[in-house]
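Residue strings, one per chain:
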Amino acid sequence: MKNSSRATSAGAPKRLVLLGATGSIGKSCARVILDNPGRFCVEAVVGGRDGAALARCAIELGAKFAAIADASGYADLKAGLAGHRIEVACGPQALEAAARWPADLVVSAIVGAVGLGPTYAAIEAGRVIALANKETLVCAGAPVTRAVKRHGATLLPLDSEHNAIFQALGGRDPSEVVCMTITASGGPFREWSAQRIAKATRAEALAHPKWSMGPKISVDSASLMNKGLELIEAHHLFAIPAEKLAVVVHPQSIVHGLIAFADGSTLAGLANPDMRTAVAHCLAHPDRVASGVAAPDLIALSKLTFEAADLDRFPALRIAREALAEGKGAPTALNAANEIAVAGFLDGRIAFGALPQVVERTLDAMRGAGEIDMPESIEAALAIHHAARDRAAALLA
Ligand code: NAD
Ligand code: MG
């Protein structure tokens, strides 16, 4: 990952593509873009299934091209854009065409490993990519980071913890870092007993105390799987070994990431818990624009607290750490099984307590069957991904 971004010609608005434009991160992008008139120009927007929402988004942002993944939303997209001169298309090739659309920056904010295809298309086009879609790196970290180098692309970390660390690093070589810490809010169940967590409802899991996010990452935050995915993300983004990576629970969500050096110096990134800060940092990089978020008021906050994560009550973090340490295809399988388990929980098919069990059993079965070799290519990663999805889905059935 390079600490640089292609500059636009002086004064010209920066051309953006938004993958996942209708989601939580997509909306944070829209707010920053609309709050900074003349700075950005949205070329293309991509959404999953809700054609009417994507049409509204394309109109609001003045996009030239709107691509939707699911054919079921295509009619609504076309109807919503009737009378507007906005090109529309549907399906995986349309998503990749949007990702390759001429642009200065591509925001990768589709949820899940399904974001890998369009993100990879942007990498092949040598783009600067603001990466929110952590599942891309968990699913296929090594082949993706190799492709980034090969195609001269750049990944800017948009996940708040990684964004804070990227800023704290300030271009220094990550090999100088002796410990890289990402913080976790602890989620809605931080103080709950294991018994109560196991029976948590969908509404309870989605009620995050600090962040407003899409449903999948909200559930991952409640189980602390999100922190596990983020450790794996940090490993690939910063080429930092697993043993130098740490998690600290910090309920106020003001300090997002810290890096410690050999002399004991520690640099931290602080911001209020609002994704517009990391979004604005990535969109404007290497410049700065207003995000609409104030800097933290330390006197008003008065107290910042830190505690260890409890791996007994939150086994998903333990399982993810083990997958990171194991390497090879274990993170790929972990991510795929987790996607199936979270979808099953959101659909009411499994209890919250079953989430880590589905993931661990899938990993164990894949280890036993010799199905987690190192994925040397995107195709190999996707083969492991689909095998793990099938095994996890069978467990749910
Ligand atoms: P979300 O559910 O709110 O939005 C997801 C977006 O992806 C939507 O635009 C949706 O239409 C699109 N999408 C869904 N399925 C798709 C498909 N098959 N093909 C194409 N598009 C599809 O999710 P979110 O909270 O915005 O999170 C997006 C990504 O950013 C996730 O990887 C998440 O882990 C990461 N992230 C989110 C936050 C946050 O605060 N929301 C913070 C850090 C990282
Ligand atoms: Mg995060």
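Keep in mind that this is a model prediction, so the values were computed, not measured. (Residues numbered from 1 in each chain as written. Chains lettered and ligands numbered in written order. Predicted model: local features only at pLDDT ≥ 70, side-chain atom pairs only at ≥ 80, totals over all residues. Heavy atoms only, no water.)

Novice: Describe the site of ligand 1, naming the residues involved and giving the relevant values.
Specialist: Taken together, 24 residues form the shell around ligand 1, and within it Thr22, Ser24, Gly48, Glu135 and Gly214 come nearest. One nitrogen or oxygen atom from the main chain of serine 24 is found 2.8 Å from an oxygen atom belonging to ligand 1. Coverage of ligand 1 by the protein chains reaches 86% of its 820 Å² of free accessible surface. Sorting the residues of the shell around ligand 1 by element identifies helix H1 (24-35), helix H6 (134-150) and helix H10 (215-223) as the ones contributing at least two each. For the shell around ligand 1, the class distribution of residues is 13 nonpolar, 8 polar and 3 charged. A domain split of the shell around ligand 1 shows at least three residues from each of domain 1 (14-160) and domain 2 (192-219 + 311-397). (Near = heavy atom within 4 Å. Polar contact = N/O pair within 3.5 Å; in protein donor to acceptor, adjacent residues only side chain to side chain. Areas by Shrake-Rupley, 256 points an atom, 1.4 Å probe, with all protein chains shown as cover. Helix = DSSP H or I, 4+ residues; strand = E, 2+ residues; numbered from the N terminus. Nonpolar A, V, L, I, M, F, W, Y, C, P; charged D, E, K, R; others polar. Domains from an automatic or database assignment.)

Novice: Outline the packing of helix H14 (residues 315-326) against helix H15 (residues 330-346), supporting the account with residue identities and numerical values.
Specialist: In the contact formed by H14 and H15, the axes pass within 8 Å of each other and the chain directions differ by 150°. The orientation of H14 with respect to H15, classified from their angle, is roughly antiparallel. Contacts from Ile319, Ala320, Ala323 and Glu326 of H14 reach H15 at Ala330, Pro331 and Leu334. Classifying every residue of the contact of H14 with H15 by side-chain character gives 6 nonpolar, no polar and 1 charged. (Axes fitted to C-alpha atoms, helices over the stretch in contact; angles between N-to-C directions. Parallel < 35°, antiparallel > 145°, perpendicular 65-115°, else oblique. Contact = heavy atoms within 4.5 Å.)

Novice: Outline the pattern of salt bridges, supporting the account with residue identities and numerical values.
Specialist: For the structure on display, the rule yields 23 salt bridges. Ionic pairing is found between arginine 367 and glutamate 326, a salt bridge with its closest N-O pair at 2.7 Å. Of the two residues, arginine 367 sits in helix H16 (residues 354-368) while glutamate 326 sits in helix H14, which places them 41 residues apart along the sequence. Among the ionic contacts, a cluster of salt bridges with common partners joins Lys134, Asp159, Glu161, Lys227 and Glu230. (Salt bridge = Lys/Arg side-chain N within 4 Å of Asp/Glu carboxyl O.)

Novice: Talk me through the packing of H6 against H15; I want residue IDs and the actual numbers.
Specialist: Orientation of H6 relative to H15, taken along the N-to-C sense of each, is 135°, at an axis distance of 7 Å. On the basis of their axis angle, the class for H6 and H15 is oblique. Contacts from Glu135, Val138 and Cys139 in H6 reach Pro331, Thr332, Asn335 and Glu339 in H15. Its residues assigned to classes, the contact of H6 with H15 shows 3 nonpolar, 2 polar and 2 charged.

Novice: Pulling in residues and values, what's your account of the pairing of strand S2 (residues 40-47)?
Specialist: Burial of S2 is extensive: 7 of the 8 residues sit out of reach of the surface. Pairing geometry for strand S1 (residues 14-19) and S2, over 6 bridges, is parallel. The partner of leucine 18 across the bridge, within S2, is valine 45. Read from S1 through H1 to S2, the crossover connection turns out right-handed. Each parallel crossover has a hand, and for S2 linked through helix H2 (residues 51-61) to strand S3 (residues 65-68) it is right-handed. (Buried < 20%, exposed > 50% of the residue type's maximum accessible area, 1.4 Å probe, protein only. Pairing = 2+ DSSP bridges. Right-handed = clockwise from strand over helix to strand, strands pointing away.)

Novice: How would you sum up the coordination of the magnesium ion (ligand 2)? Please name residues and give values.
Specialist: Those donors, Asp159 (OD), Glu161 (OE) and Glu230 (OE), are the protein atoms that reach the magnesium ion (ligand 2), and they lie 2.0 to 2.2 Å from it. Mapping the donors of the magnesium ion (ligand 2) onto the primary sequence gives the spacing D-x1-E-x68-E. Taken as a pair, glutamate 161 in helix H7 (residues 160-169) and glutamate 230 in helix H11 (residues 225-237) lie far apart in primary sequence, 69 residues in all. For glutamate 161, a relative accessible area of 6% translates into the label buried. (Donors = N, O, S within 2.8 Å, 3.2 Å for Na, K, Ca; no water.)

Novice: Run through the packing of aromatic side chains, naming residues and quoting values.
Specialist: All told, the structure shown has 4 aromatic pairs when counted by the stated rule. Note on phenylalanine 189 and tryptophan 192: the rings are 4.4 Å apart at their centroids and 40° apart in plane angle, and the pair reads as tilted. Residue phenylalanine 189 is classed as buried on the basis of its relative accessible area of 0%. Where phenylalanine 189 meets phenylalanine 352, the ring centres are 5.2 Å apart and the plane angle is 85°; that geometry is what we call edge-to-face. (Phe/Tyr/Trp six-rings, centres within 6.5 Å; stacked < 30°, edge-to-face > 60°.)

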